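# Overview (structure and organization)
So the chains spell out like this:
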Amino acid sequence: SQELEQSPQSLIVQEGKNLTINCTSSKTLYGLYWYKQKYGEGLIFLMMLQKGGEEKSHEKITAKLDEKKQQSSLHITASQPSHAGIYLCGADMGRGAQKLVFGQGTRLTINP
Amino acid sequence: DAGITQSPRYKITETGRQVTLMCHQTWSHSYMFWYRQDLGHGLRLIYYSAAADITDKGEVPDGYVVSRSKTENFPLTLESATRSQTSVYFCASRDGRGRGRDTEAFFGQGTRLTVV
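Let me sum up the structure you'll find in this document.

Calculation notes
Residues numbered from 1 in each chain as written. Chains lettered and ligands numbered in written order. Predicted model: local features only at pLDDT ≥ 70, side-chain atom pairs only at ≥ 80, totals over all residues. Heavy atoms only, no water. Contact = heavy atoms within 4.5 Å. Buried area = accessible area lost by both parts, 1.4 Å probe. Salt bridge = Lys/Arg side-chain N within 4 Å of Asp/Glu carboxyl O. Polar contact = N/O pair within 3.5 Å; in protein donor to acceptor, adjacent residues only side chain to side chain. Helix = DSSP H or I, 4+ residues; strand = E, 2+ residues; numbered from the N terminus. Nonpolar A, V, L, I, M, F, W, Y, C, P; charged D, E, K, R; others polar. Buried < 20%, exposed > 50% of the residue type's maximum accessible area, 1.4 Å probe, protein only. Disulfide = S-S within 2.5 Å. Pairing = 2+ DSSP bridges. Axes fitted to C-alpha atoms, helices over the stretch in contact; angles between N-to-C directions.

## Considerations on the interface of chain A and chain B
At the interface, 25 residues of chain A touch 24 residues of chain B. Across the chain A to chain B interface the summed buried area is about 2,000 Å²; carbon plus sulfur atoms make up 49%. Our count for the contact surface shared by chain A and chain B stands at 1 salt bridge. One salt bridge connects Arg94(B) with Asp92(A), and the closest N-O pair in it is separated by 2.6 Å. Taken together, the links from chain A to chain B amount to 7 residue pairs in polar contact (both at pLDDT 80 or more). Residue assignment for the side of chain A that touches chain B shows that the elements contributing at least two residues are strand E4 (29–37), strand E5 (43–49), strand E9 (85–93) and strand E10 (100–102) of chain A. Sorting elements by how many residues they give to the side of chain A that touches chain B places E4(A) first, with 4 residues. Taken together, the residues that form the side of chain A that touches chain B break down as 11 nonpolar, 9 polar and 5 charged.

Right under this line is the structure:
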């Protein structure tokens with residue numbers, strides 16, 4: 001089993017709808033990173049969260065890290081076809097460990 | 001060119017052969033990583049390195065060997081390739097220098113390896 005669990009693994013939404021992807025760990029996360037991957041391509045960095053309760057937004061994407069620093073969510077408002085792809089959460093497992101691990105990924109499809 | 005580059009982009013090899021995947025970064029980042037990406041598993045960490053001559057196992061190290069004689073290079077070798085090692089391999093680097101400083105990792109474009 002992986003140290004980071006993402007849900008759902010696959011998501012199909014109608015264009016214009018909101019959606020949420022979750023990332024959970026049983027351990028404290030010392031740095032939480034969200035990436036997006038277009039099919040067959042490399043990973044693009046979206047956001048980094050470090051403090052409990054932290055929230056960041058960029059355009060229509062908002063990421064949050066809970067107070068206990070064990071769960072993060074990625075929320076997309078009014079989804080567009082350009083949001084389609086694979087979303088991955090990554091985290092530093094252990095303070096200063098610099099061992100960066102990832103969840104299984106969420107494959108997002110946007111239907112017109 | 002600045003950035004992180006992987007070579008080759010595509011590779012087909014036979015079972016039992018040794019194959020090396022190359023990764024080169026131009027930022028002098030301290031940390032480098034190798035991941036494999038398979039359907040349903042996301043990215044799984046194979047090995048990582050905190051600096052030249054310092055490497056450590058990740059989640060799935062068996063069957064792989066790494067070295068880091070220079071900061072900018074982090075080659076991954078499959079000593080005797082197996083079909084189960086057919087995957088897309090990603091290399092990444094990050095600047096972990098500085099007390100308590102966490103930074104995002106930058107990824108290469110990936111190497112698609114097929115073992116037949």
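## Quick word on the pattern of salt bridges
Residues and elements named next belong to chain A. Scanning the entire structure with this criterion turns up 7 salt bridges over all chains. Across the pair Glu3 and Lys27 runs a salt bridge whose closest N-O atoms are separated by 2.9 Å. Placement of Glu3 in the segment before strand E1 (5–7) and of Lys27 in the loop between strand E3 (19–24) and E4 is noted, with a sequence separation of 24 residues between them. Lys27 sits in the partly exposed class, given a relative accessible area of 45%. In this structure, the salt-bridge partner of Glu3 is Lys99, at a minimum N-O distance of 4.0 Å. In this pair, Glu3 sits in the segment before E1 while Lys99 sits in the loop between E9 and E10, placing the two residues 96 residues apart along the sequence. On the basis of relative accessibility, which here comes to 21%, the residue Lys99 falls in the partly exposed class. Connected via shared salt-bridge partners are Glu3, Lys27 and Lys99.

## A short note on the environment of Leu100(A)
Looking at where Leu100(A) falls in the secondary structure, it is placed in strand E10. When the C-alpha atoms of Leu100(A) and His83(A) are compared, they prove to be 24 Å apart, with 17 residues separating the residues in sequence. Leu100(A) has contacts with Tyr33(A), Gly90(A), Ala91(A), Asp92(A), Phe33(B), Tyr35(B), Leu45(B), Arg94(B) and Ala105(B), leaving out every residue within four places of it along the chain.

## Let's talk about the state of the cysteines
Residue and element names in this part refer to chain B. The tally for this structure, following the rule as stated, stands at 2 disulfides over all chains. Two residues, Cys23 and Cys91, share a disulfide whose sulfurs are 1.8 Å apart. Between Cys23 and Cys91, the disulfide has an S-S torsion of -75° and is therefore left-handed. Placement of Cys23 in strand E3 (residues 19–25) and of Cys91 in strand E9 (residues 87–94) is noted, with a sequence separation of 68 residues between them. Each member of the pair, Cys23 as well as Cys91, carries the same accessibility label: buried.

## Topic: the sheet that holds strand E8 (residues 76–78) of chain B
Across a sheet, strands are paired by hydrogen bonds formed along the backbone, either parallel or antiparallel in direction. Residue and element names in this part refer to chain B. Here we have 4 strands laid out as an open sheet, ordered E1-E3-E8-E7, and antiparallel in their pairing. Of all the strands in the sheet, the pair left with one neighbour each is strand E1 (4–7) and strand E7 (64–66). Within the sheet, the average angular offset between the axes of one strand and its neighbour, ignoring direction, is 20°. Of the pairings in the sheet, the one linking E3 to E8 comprises 3 bridges and is antiparallel in character. For Val19, the partnering residue across the bridge sits in E8 and is Leu78.

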